[in-house]
Amino acid sequence: MFVGNLASITYCAKQTGLTNIKISAVTPYKFELSMGVRKDWPQLVSILDKVLTNMPESEKDRIRDNWIRMQFEHKINWTLLWKWILGMTLVSCTILGIILLSNNKLKKEVAERKRVECQVQRLSQAVEQSPVCVLITNPDGDIEYVNPVFSRVTGYTADEAIGQNPRILKSGNTPPETYTTLWKTITAGKVWKGEFQNKKKDGELIWEKASISPIFSEKGETTHYLCIKEDITQQKAMKDSLIDSHKKLALAVAEARKERQKAMAADEAKSEFLANMSHEIRTPMNAIIGMTHLIMQTRLDTRQTDYAAKIDTSAKSLLNLINDILDFSKIEAGKMDMEIVPFNLDETMEKLAGLITVKAAAKKDIEVLFRVDPKIPNILKGDALRLNQVLVNLGNNAVKFTEKGHIIVSVDMLKMQKNQVLLKFCVTDSGIGMTPEQQKKLFKVFSQGDSSTTRKYGGTGLGLAISKRIVEMMGGEIFLESIAGKGSTFSFTLPMEIGQKKTPRLPELNDAITGIRVLVIDDNPASRQIFVQMLNNFSITTRDAGSGKDGLSIMTAAEQPYDLVLVDLQMPDMNGFETVREIQRITPANRRPKIILACTREDEQVRSQARDMGIECVIVKPITASQLFNSLLSAFGRQKLLPSQKIEAQKLPRTILGANILLVEDHDINQQVAKEILENAGFFVQIANNGKEALSMSLSQDFDLVLMDLQMPVMDGYQATREIRRHKTAGDLPIVAMTASAMPRDRAKAMAAGMNSHVSKPIDLKELFQTLARWIKPGERTLPKGFGKKTDKKSALGDVPGISVEQALYRLDKNEALYLDLLDKFRQNYAHADRDLRALIEKGQDEDARRLAHSIKGVAGNIGMTDLQAAAAKLETAFRDRVSSEYDTLITLFSQALPLVLSSVDQLTGSVVKNAPLPENLEIKSKKELALMLNDLAPFIKKQEAKPAKERIKKINALAWPKNIESDIAELGRLISRYQFKPAARILEKVMVKLEDIG
């Protein structure tokens, strides 16, 4: 007899093969079903427990009937029962012994079981709470388990999902091949990984990433499939978006590359266009400037001289514009390089002064002043050329936009560290200034303050843009401060290295000079301050006064006399000369101070008058410290210690004159220009029309130098140079490119072809002559016939009452024709100036009267009318200050001076005819022949055709004429040369009558 669990009994009976066991009685114990799981898959414990818990009793009975098939017998066999009890007792004792023996071991197993159960429980919770979907199916694919995430993601509850096939999630968008591959993989016992686009219960599409693996029994048979899925809809969308973005980016990059290629092609085309345009423009510009230079060397009448001068000025202005455009294109292309070489700051400032004052000289009411911090080392390292370019640009702008007042160029040292200084350059003017709106447009290409400014003052707006780029390329910054109507200050900072030459900025002054007392008299406060600062830096005791009257008062009240007075020429009320006269009057001869006169422009008349008054030295503003230093030495009779930095005219060494030059040029006008310039300079010149001719001539003849154009037909300059270099080295025959191709790459290409140097067109004589002097080998050569035998013909014009002709001609470089034309224009414009001034006063138009007096003052000064100039200057001052009480007196003085100069003008314009020397050995013609020549001339005078009239008068002047009509013929020639055909017709008629009277 055995009491126990029927399932256990049945299992034991089957295992032992017992078949005669009968159930005699039923125990009260409740029937239990239990299952075992594989050790390597403990997760199934909780899953199967849940399955058993939820299993209906009917299902359990079915399992019981299937597995436990025992017969029940209600008759009790007591013998068997006791045997069974005895056996059980023995078994129990044995078991008890075993239990007692293994009690400790069981305790350990229980603890281990509890630990494993905890792990299983945690793993079960992990599956339940996992953020991914867990799905278990049987081998047929029917769902047997889903975790809560599955329900949350798909919308199907566990009850709705269990028993279904996963195909309920199919969206129809996943390719069939995916499922085919999936089943092949998992049925082969492998793990499949991939992606699906599935469909939720509500029809929403989702992307899921799945890993499906088979579950094997102990026998290796597939019992289930485990699917773990992750919702990747957002990641997929992001990926698709990223792919789309990548595609768009790829398209954009491709498009950008195309645009970049187009831009590069456009930039290359622009550079090529600039190069070609530069060449094409410079070629005729060379002819214009060169021919103008040559024609101005010939004898011209007044009008022709005026025309030629205006052509020259306009052509050079256009050339400056071209150079600005090329500079800007070089900056844009990154082709402008900066030099780091030692330079002298004082030299740079003096060159700047010369360039700015040329423009400032046209405006008589402007003073240009310089101030340089004496602590700045004089020898610096940097690009002096580009620094000068920026300063000239800013200085010329200041002159352009300033009508009166001053322009101050200053240099200050902001910082010094070891071998480097930080300098601040400022250009301050008292001009028109700018509004904030106008300032915003500055430093932009092709832009000025506004369109009205451009119309009134001209310019392209390139200058400031180029200056800004240059300053930035040199490591500095540029700034602007401006107030409309009150002026502007352009400033920029530049870091510069200190030159290695450690020399003092200025030498020491002699002790006899350092102890002097100096009085500065100048009406401009800024000018006074600069002079005082310079003198103080020389350790000289200085005092200043704002007018001649104040200066005289200071001198009178001084206990100790002043040793030197520096006086400005242009001052109101009492100018510099008047002040000097008073100083000389009130001081004894043995105590008179040395005088330095400061003026705003070079003027020989001023220098002459200063010499006459005994003034020791004349200086021209702006003045640098070194120039003032030399002036002090000169005033006290000392030798100058510092050389003047003024640019002298280029002179060619005698050792290169007479050189044989081959000019290679295809343009006939450029041939003529260069040939005449070179021949006039003392060279022999031969011409080749293209590179092929140049090659032949250079191999068959000996030349000292070749001037080679680059762009020519038949054979260009590059190829010709390469061919010549196959036979003659650069030392044997220097080749210099002389071309309108001014781009850096053209220069580089010329050097690569074997040329020695490069000069640009239009021809800059200084650059050309410097290049010739560098490359032509010195030697004794025969000079061209007639070279150097120029005669200085004495002028037929002399001083006349009211007019200093000699001084005027000096200023005009002895150009008599121009001088006579200026006299004529003065007579035409101002013959009734006194009457015009009185009329303006009567109308109350004082400002108009001041402008007229100002104009007369300027013109009269230029043509030597000293007294009239002084009278006009006094009138101008009176009109400016509205001193109406002096108008009548000053007009009377003016009216007395005007007729005198008008009479002298008539005398001068007539004397040039009367005193004109007649050519010697003239051919003598008969009266009839002379009359025929005059008759031939008459129709062209009547029609006012200048060229044929000039040709005929030239032949007429080459003949001998009767004494009574010689002067008439000379006057006739003068009138025709000045295009005055109506008076010429009257003279011609007069001459014809005189010829008839000569029998």
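So, here's what we can say about the structure. Remember, it's a predicted structure, so these values are computed and weren't measured experimentally.

Moving on, we get to the pattern of salt bridges. Following the criterion strictly, the structure yields 23 salt bridges and no others. A salt bridge links D373 to K375; its shortest N-O distance comes to 3.2 Å. Residue classification places D373 among the buried residues on the basis of a relative accessible area of 7%. Of the residues examined, K375 reaches a relative accessible area of 55% and is grouped as exposed. Where D968 meets K990, a salt bridge forms, and the shortest distance between an N and an O atom there is 3.7 Å. Taken as a pair, D968 in helix 35 (residues 966–977) and K990 in helix 36 (residues 981–997) lie far apart in primary sequence, 22 residues in all. By sharing partners, the salt bridges in this structure join E847, D848, R850, R851 and E876 into a single network.

The subject of this paragraph is the sheet that holds strand 17 (residues 617–620). Pairing is parallel in the open sheet, where five strands are placed in the order 14-13-15-16-17. One side of each edge strand has no neighbouring strand; the edge strands of this open sheet are strand 14 (541–545) and strand 17. When the angles between neighbouring strand axes are averaged without regard to direction, this sheet yields 20°. Against the sheet, helix 19 (residues 576–586) engages strand 13 (517–521), strand 15 (564–568) and strand 16 (594–599), with an angle of about 155° to strand 15.

Moving on, we get to the nonpolar core. Within the largest apolar cluster, 43 residues are counted, with the highest numbers of intra-cluster contacts made by M349, L387, L423, F492 and M496. The set of elements that each furnish at least two residues to this core consists of helix 11 (345–360), strand 7 (366–372), helix 12 (384–400), strand 9 (405–417), strand 10 (420–429), helix 15 (462–473), strand 11 (477–483) and strand 12 (487–498). Among the elements that take part in this core, helix 12 stands out by supplying eight residues, more than any other. For L423, the contacting residues outside a window of four places in its chain are I376, L380, V411, D412, M413, F492, T493, L494 and M496. Grouped together as the second largest cluster of nonpolar side chains are 37 residues, A853, I863, A872 and F894 included.

Bringing the packing of aromatic side chains into the picture now. Within the structure shown, the criterion is met by seven aromatic pairs. Summarising the aromatic geometry, the rings of W183 and Y225 are spaced 6.0 Å apart at their centres and angled 90° between planes, so their arrangement reads as edge-to-face. With W183 in helix 8 (residues 176–187) and Y225 in strand 5 (residues 222–231), this pair connects stretches of sequence that are 42 residues apart. Overall, W183 belongs to the partly exposed group, its relative accessible area being 38%. Considering the side-chain rings of F538 and F629, the 5.7 Å spacing of their centres and the 75° angle between planes classify their relative orientation as edge-to-face. You can see F538 sitting in the loop between helix 17 (525–537) and strand 14 and its partner F629 sitting in helix 21 (residues 625–635), a full 91 residues away along the chain. Taking relative accessible area as the criterion, F629 reaches 0% and is therefore assigned buried. Members of the aromatic cluster, joined through ring pairs, are Y179, W192 and F196. The positively charged end of K236 is found above the aromatic ring belonging to W207, 4.6 Å away from the centroid. One cation-aromatic arrangement involves K749 over Y718; the distance from NZ or CZ to the ring centre is 4.4 Å.

The sheet built from five strands is open, its strands ordered 19-18-20-21-22 with parallel pairing. Edge strands, defined here as strands with exactly one partner in the open sheet, are strand 19 (684–688) and strand 22 (757–760). Between one strand and the next, the sheet's axes are offset by a mean angle of 25°, whatever the strand orientation. The pairing of strand 18 (residues 660–664) with strand 20 (residues 705–708) spans four bridges and is parallel. What sits directly across from V664, in strand 20, is M708. Of the strands in this sheet, strand 18, strand 20, strand 21 (735–739) and strand 22 are in contact with helix 26 (residues 765–775), which crosses strand 22 at around 160°.

Turning our attention to the packing of helix 17 against helix 21. In the contact formed by helix 17 and helix 21, the axes pass within 11 Å of each other and the chain directions differ by 70°. In terms of axis orientation, helix 17 runs roughly perpendicular to helix 21. Relative to helix 21, the crossing made by helix 17 is right-handed. In this structure, helix 17 uses F531, M534 and L535 to contact helix 21, whose residues at the interface are A625, L628 and L632. A per-class count over the contact of helix 17 with helix 21 returns six nonpolar, no polar and no charged.

Running from N to C, helix 23 (residues 691–700) and helix 24 (residues 717–725) point in directions that differ by 20°, and their axes come no closer than 9 Å. Accordingly, the angle class assigned to the pair helix 23 and helix 24 is roughly parallel. For the element pair helix 23 and helix 24, the recorded crossing hand is right-handed. Residues G691, A694, L695 and S698 of helix 23 pack against A720, E723 and I724 of helix 24. Of the residues in the contact of helix 23 with helix 24, the class split is four nonpolar, two polar and one charged.

Rules used throughout
- Residues numbered from 1 in each chain as written.
- Predicted model: local features only at pLDDT ≥ 70, side-chain atom pairs only at ≥ 80, totals over all residues.
- Heavy atoms only, no water.
- Salt bridge = Lys/Arg side-chain N within 4 Å of Asp/Glu carboxyl O.
- Buried < 20%, exposed > 50% of the residue type's maximum accessible area, 1.4 Å probe, protein only.
- Helix = DSSP H or I, 4+ residues; strand = E, 2+ residues; numbered from the N terminus.
- Pairing = 2+ DSSP bridges.
- Axes fitted to C-alpha atoms, helices over the stretch in contact; angles between N-to-C directions.
- Contact = heavy atoms within 4.5 Å.
- Core = buried A, V, L, I, M, F, W, Y, C linked by side-chain atoms within 4.5 Å.
- Phe/Tyr/Trp six-rings, centres within 6.5 Å; stacked < 30°, edge-to-face > 60°.
- Lys NZ or Arg CZ within 6 Å of the ring centre and 35° of its normal.
- Parallel < 35°, antiparallel > 145°, perpendicular 65-115°, else oblique.
- Left-handed = near helix turned anticlockwise from the far one by under 90°.
- Nonpolar A, V, L, I, M, F, W, Y, C, P; charged D, E, K, R; others polar.

All quantities given are derived from atomic positions and should not be read as evidence of function.
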